[in-house]
Structure formats: C-alpha cells, structure tokens
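Coordinates in review
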Amino acid sequence: LEEPRPGTVLVLTTAVPDALLSTIRSRCQVVRFPAMSNTALAQALKSEHEVPSDDAVVLAAFGQGSPGRALSLGEDFLERRRVVLDAFLGMGDSEGFVKAAGVDRDTAREALNVVLMACRDALFIKAGALDRIVNRDRQVEIRRFAERYTPDDLAAHADRVSDAIRRIDGNQNVKVVLTVVREIL
C-alpha cells in the first residue's frame, strides 16, 4: 500500500470506510456500486443461474439489488415465504405463522417483510399496476385478499406491518409483536 509499482491498482472494499485508517483513506478513491434494478437482477438470475422466472422476480425483490444476497436466499427462503403467505392470505394456520416466524428476530423480520410485500402487491392490484407485482405466483390469492379491503385499509395493514418491523428492530419481544400482527391476518 505504501509505494506500489507504477500501474498497480489495488481494490479495497468496505462497508464502513470510517473504520479504515485515515492514512489509507487519504490514498483511496471512492467508487460506489449502485444496487441492480429488480428487473436486471431477475434477468441475471434467470439467465446466469437458471432460476425460474417467478422465483427470480421474488428473489430479486428480496435481494434488494444484490445478486449475492438474492442467491443466498435460495429455496429455503422460497419455502418460508410460501408458509408465511399461506397464513397471511388465509390459506394456512395463523398460529402456525407465529410459530414459523417467531423462531428468532431475523426470521420474524423476514416474515414481516414477506407480509409487507404482499400488502404492497395488493395495493398494486387495486391500482391496476400488475407489472409491479412481486408475488406473481400468488397473484390470484393476493387479488382475493385485495378485494376484501379498500386501498386505505391495505395501506393501514402495510403501516402496521412496518411498525411491527420497527418494534422488532427496537428489541421488543418477537412473539408479542407477531401475536399482535396475527390479529390483522
């Protein structure tokens, strides 16, 4: 690092640049890598990793623009998502939702994000923006769910789920938060 040969390029990566010594930071140039769009990420998952189309759309949305994050979610996530959506859409046991989602803080956050995405999809269905739906494989069930509520009701559901995520992040008891959320299922 001190005196590299001419033409040498070193690439340093960090999520916390302030943790680097100032003498190192002063010799660096920051290059930001933006997140991929969901569309581009889904396409890459399909073409480069042979992920089925509907799964690629879901993994891209939950991967938040990161190919590595999307790929790391994998089949286990898709199964957990199925269980959560079954409970949320009234096709499964809502008590089972609390059991499945309440394993730990990270699992609960993941489950609540699945519910939040379903609420978002229901709002898109109400608005006629079907191309924006993430849970395409569950569109029929989400449409039935959306038909039971006004857009304001759906937005209120999404707000309550977002509040539950904040409560879990704020270190509130996971099972208590999920039990309250279950009441809106």
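Check the entry above for the structure.
Residues numbered from 1 in each chain as written. Predicted model: local features only at pLDDT ≥ 70, side-chain atom pairs only at ≥ 80, totals over all residues. Heavy atoms only, no water.

It is worth spelling out helix α3 (residues 53–63) at this point. Among the 11 residues of α3, 9 are classified as buried, and the element is accordingly described as predominantly covered. Buried within α3 we find Asp55, Ala56, Val57, Val58, Leu59, Ala60, Ala61, Phe62 and Gly63. Residues of α3 that are buried make contact with α2 (38–49), α4 (67–88) and α6 (105–127). Following α3 by one or two positions, Gln64 has its phi on the positive side, about 55°. (Buried < 20%, exposed > 50% of the residue type's maximum accessible area, 1.4 Å probe, protein only. Helix = DSSP H or I, 4+ residues; strand = E, 2+ residues; numbered from the N terminus. Contact = heavy atoms within 4.5 Å.)

Moving on to the packing of α4 against α6. Where α4 meets α6, the axes come as close as 9 Å, and the angle between the chain directions of the two elements is 60°. As summarised for this structure, α4 and α6 are arranged oblique, according to the angle between their axes. In this structure, α4 meets α6 at a crossing whose hand is right-handed. Facing α4, whose interface residues are Phe77, Arg80, Arg81, Val84, Leu85 and Phe88, α6 presents Glu110, Ala111, Val114, Val115, Ala118 and Cys119. Split by residue class, the contact of α4 with α6 holds 9 nonpolar, no polar and 3 charged. (Axes fitted to C-alpha atoms, helices over the stretch in contact; angles between N-to-C directions. Parallel < 35°, antiparallel > 145°, perpendicular 65-115°, else oblique. Left-handed = near helix turned anticlockwise from the far one by under 90°. Nonpolar A, V, L, I, M, F, W, Y, C, P; charged D, E, K, R; others polar.)

Attention now moves to the nonpolar core. In this structure, Leu45, Leu59, Phe77, Phe97, Leu112 and Leu178 are the most contacted members of the largest nonpolar core, which totals 51 residues. Secondary-structure elements contributing two or more residues to this core are α2, α3, α4, α5 (94–101), α6, α7 (139–147), α8 (151–169) and α9 (174–182). With 11 residues, the top contributor of residues to this core is α6. (Core = buried A, V, L, I, M, F, W, Y, C linked by side-chain atoms within 4.5 Å.)

The next point concerns the environment of Thr13. As for its position among the elements, Thr13 is in the segment before α1 (22–25). C-alpha separation for the pair Thr13 and Val114, spaced 101 residues apart in sequence, amounts to 30 Å.

Attention shifts here to the side chain of Asp86. Along the chain, Asp86 turns up in helix α4. At 2.7 Å, the side chain of Asp86 forms a polar contact with the side chain of Arg82. (Polar contact = N/O pair within 3.5 Å; in protein donor to acceptor, adjacent residues only side chain to side chain.)

Another aspect to go through is α9. Buried within α9 we find Val174, Val177, Leu178 and Val181. End-on view of α9: buried residues confined to an arc of 95°, all on one side of the axis. Exposed residues pointing more than 90 degrees away from the buried face of α9 are listed as Val176 and Val180. For α9, the N-terminal cap is Asn173; the gap from its side-chain oxygen to the backbone nitrogen of Lys175 is 2.9 Å. (Arc of directions from axis to C-beta.)

Moving on, we get to a nonpolar patch on the surface. Nonpolar side chains collect at one region of the surface, where Leu1, Leu10 and Leu12 lie side by side and expose about 300 Å² of accessible area between them. By the secondary structure assignment, Leu10 is in the segment before α1. Judged by relative accessible area, Leu10 falls into the partly exposed class, the value being 48%. (Patch = residues over 30% accessible without salt bridge, like charges linked within 9 Å, V, L, I, M, F, W, Y side chains within 5 Å. Areas by Shrake-Rupley, 256 points an atom, 1.4 Å probe, with all protein chains shown as cover. Salt bridge = Lys/Arg side-chain N within 4 Å of Asp/Glu carboxyl O.)

The next point concerns the environment of Asp153. Here Asp153 lies in helix α8. Asp153 gets classed as partly exposed once you look at its relative accessible area, which sits at 34%. For the pair Asp153 and Leu123, spaced 30 residues apart in sequence, the C-alpha separation works out to 9.7 Å.

Another point: the environment of Ser66. Looking at the element boundaries, Ser66 is found in the loop between α3 and α4. Taking the C-alpha atoms as reference points, Ser66 and Pro4, separated by 62 residues in sequence, lie 32 Å from one another.

Turning next to the pattern of salt bridges. Considering all chains together, one arrives at 11 salt bridges under this definition. With a closest N to O distance of 3.1 Å, Asp121 and Arg120 form a salt bridge. The partner of Arg166 in a salt bridge is Asp163, and the shortest N-O contact between them spans 3.9 Å. With Arg166 and Asp163 both in helix α8 and 3 residues apart, this pair spans about one turn of that helix. Since its relative accessible area comes to 53%, Arg166 is described here as exposed. A relative accessible area of 28% places Asp163 in the partly exposed class.

Purely geometric stuff here, so don't read any function into it on its own.
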